[in-house]
Amino acid sequence: MPRDVSPAADPGWTAPREARLRRLRQDGATWAEIAGELGISLDMARERGRRLAAARPPQPARAPRPALPPREDPARPPLPPGDPRAWTLLTEGTVLAGLRWPGWA
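Residues numbered from 1 in each chain as written. Predicted model: local features only at pLDDT ≥ 70, side-chain atom pairs only at ≥ 80, totals over all residues. Heavy atoms only, no water.

Enquirer: Provide a residue-level description of helix H2 (residues 31-38), including the pertinent values.
Expert: Buried within H2 are the following residues: Trp31, Ile34, Ala35 and Leu38. The arc enclosing the buried residues of H2, seen along the axis, measures out at 100°, which places them on a common side. Of the exposed residues in H2, the ones pointing more than 90 degrees away from its buried face are Ala32 and Gly36. Contacts made by the buried residues of H2 are with helix H1 (15-26) and helix H3 (42-51). Downstream of H2 by a residue or two, Gly39 has a phi angle that is positive, lying close to 70°. (Buried < 20%, exposed > 50% of the residue type's maximum accessible area, 1.4 Å probe, protein only. Helix = DSSP H or I, 4+ residues; strand = E, 2+ residues; numbered from the N terminus. Arc of directions from axis to C-beta. Contact = heavy atoms within 4.5 Å.)

Enquirer: Which residues make up the pattern of salt bridges, and what values go with them?
Expert: A full pass over the atoms with the stated rule returns 6 salt bridges. Its salt-bridge partner being Arg51, residue Glu47 comes within 3.0 Å of it at the nearest N-O pair. Residue Glu47 and its partner Arg51 are both found in helix H3; the two are separated by 4 residues, about one turn of the helix. What makes Glu47 partly exposed here is its relative accessible area of 29%. (Salt bridge = Lys/Arg side-chain N within 4 Å of Asp/Glu carboxyl O.)

Given below as structure tokens:
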């Protein structure tokens, strides 16, 4: 059985107060901002908004994911000793980071 959400059902809520809650929510205010504006608890603002089916604020568009780097060819030949790609991978974050491979002299 549906609940009565009219202002008469809860004496603390009046039609203008509910309209203000709806307007704030449609304008993109968070529940915390609405609660502060109306002088009520966060839970009370959320619950009344749920009962009134207050519209959610517009969601920001997500940025597209960056493209993945191309995968290395698994059939490529092994890297030669001291190859900068392999040497950097092996020494990054160690005391050897930034030093040249001994065979590069």
